[in-house]
Amino acid sequence: MFKAERQQKILARMQETTSVTVKDLAKVFSTSPITIRRDLIELGELGLLERTHGGAIAAQEVFAEGSARYEMYNYGERNDQQAQEKAAIAECAAQFISDGDNILINGGTTAHALAQALRGHQNLYVITNGLSVANVLGQGLHANVYVLAGRLDARKQATVSRPSDEGLPHLQVREAFLGVHALSAQGIYMRDPEDADMNKAFMGAASRVTVLADYTKLHAFASFRINDWSSVQRLVTDAKADPDILNLLRQQGVEVVVAA
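As the structure is a prediction and not an experimental result, all values here were calculated from the model.

(A) Structural view of helix H3 (residues 33-45). Spanning 13 residues, H3 covers 18 Å between terminal C-alpha atoms, matching the ideal 18 Å at 1.5 Å per step. Considered for burial, the residues of H3 that qualify are Thr35, Ile36, Asp39, Leu40 and Leu43. Along the long axis of H3, the arc covered by the buried residues comes to 135 degrees, so they all point the same way. Pointing more than 90 degrees away from the buried face of H3 are the exposed residues Arg38 and Glu45. Just past H3, the residue Gly47 takes up positive phi, approximately 80 degrees.

(B) Representation of the side chain of Asn106. Structurally, Asn106 is set in the loop between strand E4 (102-105) and helix H6 (109-117). Using a relative accessible area of 1% as the deciding quantity, one classes Asn106 as buried. In this structure the side chain of Asn106 is engaged in a polar contact, spanning 2.8 Å, whose partner is the backbone oxygen of Gly179. Asn106 has contacts with Ala111, Thr128, Asn129, Gly130, Val133, Phe177, Leu178, Gly179, Met190, Asn199 and Phe202, leaving out every residue within four places of it along the chain.

(C) Quick peek at the nonpolar core. In terms of nonpolar packing, the biggest core is built from 53 residues, with Leu183, Ile188 and Val211 touching the most fellow members. The biggest single contributor to this core is helix H8 (residues 193-205), with six residues. Taken domain by domain, this core gets at least three of its residues from each of domain 1 (1-68) and domain 2 (74-256). Excluding residues that lie within four positions of it along the chain, Ile188 makes contacts with Val180, Ala182, Leu183, Met203, Val211, Phe224, Arg225, Ile226, Asn227, Trp229 and Val232. Among the nonpolar cores identified, the runner-up in size contains 25 residues, and Cys92, Leu114, Ala115 and Leu124 belong to it.

Rules and cut-offs
Residues numbered from 1 in each chain as written. Predicted model: local features only at pLDDT ≥ 70, side-chain atom pairs only at ≥ 80, totals over all residues. Heavy atoms only, no water. Helix = DSSP H or I, 4+ residues; strand = E, 2+ residues; numbered from the N terminus. Expected span 1.5 Å × (residues − 1). Buried < 20%, exposed > 50% of the residue type's maximum accessible area, 1.4 Å probe, protein only. Arc of directions from axis to C-beta. Polar contact = N/O pair within 3.5 Å; in protein donor to acceptor, adjacent residues only side chain to side chain. Contact = heavy atoms within 4.5 Å. Core = buried A, V, L, I, M, F, W, Y, C linked by side-chain atoms within 4.5 Å. Domains from an automatic or database assignment.

Keep in mind these values describe shape, not function.
This is the structure:
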């Protein structure tokens, strides 16, 4: 098992139990206690857990959008988490968007940061389910914004609806920019099935897909997979992202862009 995969599984286990011991993890992963201690040290340095005598407990960063503790934070609180990383990711992603582009941006705090980074762009056509995204872009006079109907998810400040079996056949965009709850080498995930289905439909409507995810999403856990990486052309993340996981994604043909 690769180190990156093992560390993701350690964090997933912590989200179920909130604490782990070196002894138990060594047994679960059939590896040495020394290897597990190194894993916990590295994860601790990333701020994803707090070391204890003989193990670790989950830090708040583990309870990011993709975790089972999503309910603990309201939209404003999540918007403040990793704000610098989200802003850097947004500024980087905005460089891939040209004036006059036809794009889709989903809802969420990273998507909100992208909307802010697009204020200087001209004549954009933006389809979104994010109310905060629409609000930011709608404050200017240089974007045509179309908001998708659906049930209000106040936690994301977004509309959510279950697409038909054919996806969203009435939509077609050049590129979709998607914030997600969690990602791993196996794919990208959301915390509920309705949201996962909707974002899968977004992918189907786009000629190109860019995933936006700060470093905590690489170690977060969510249950419902949107898709594997064969449907994604680009990942934009920040400089704190685990290089081992990023290398696994590059091996799958994903263009990985690390924002300064």
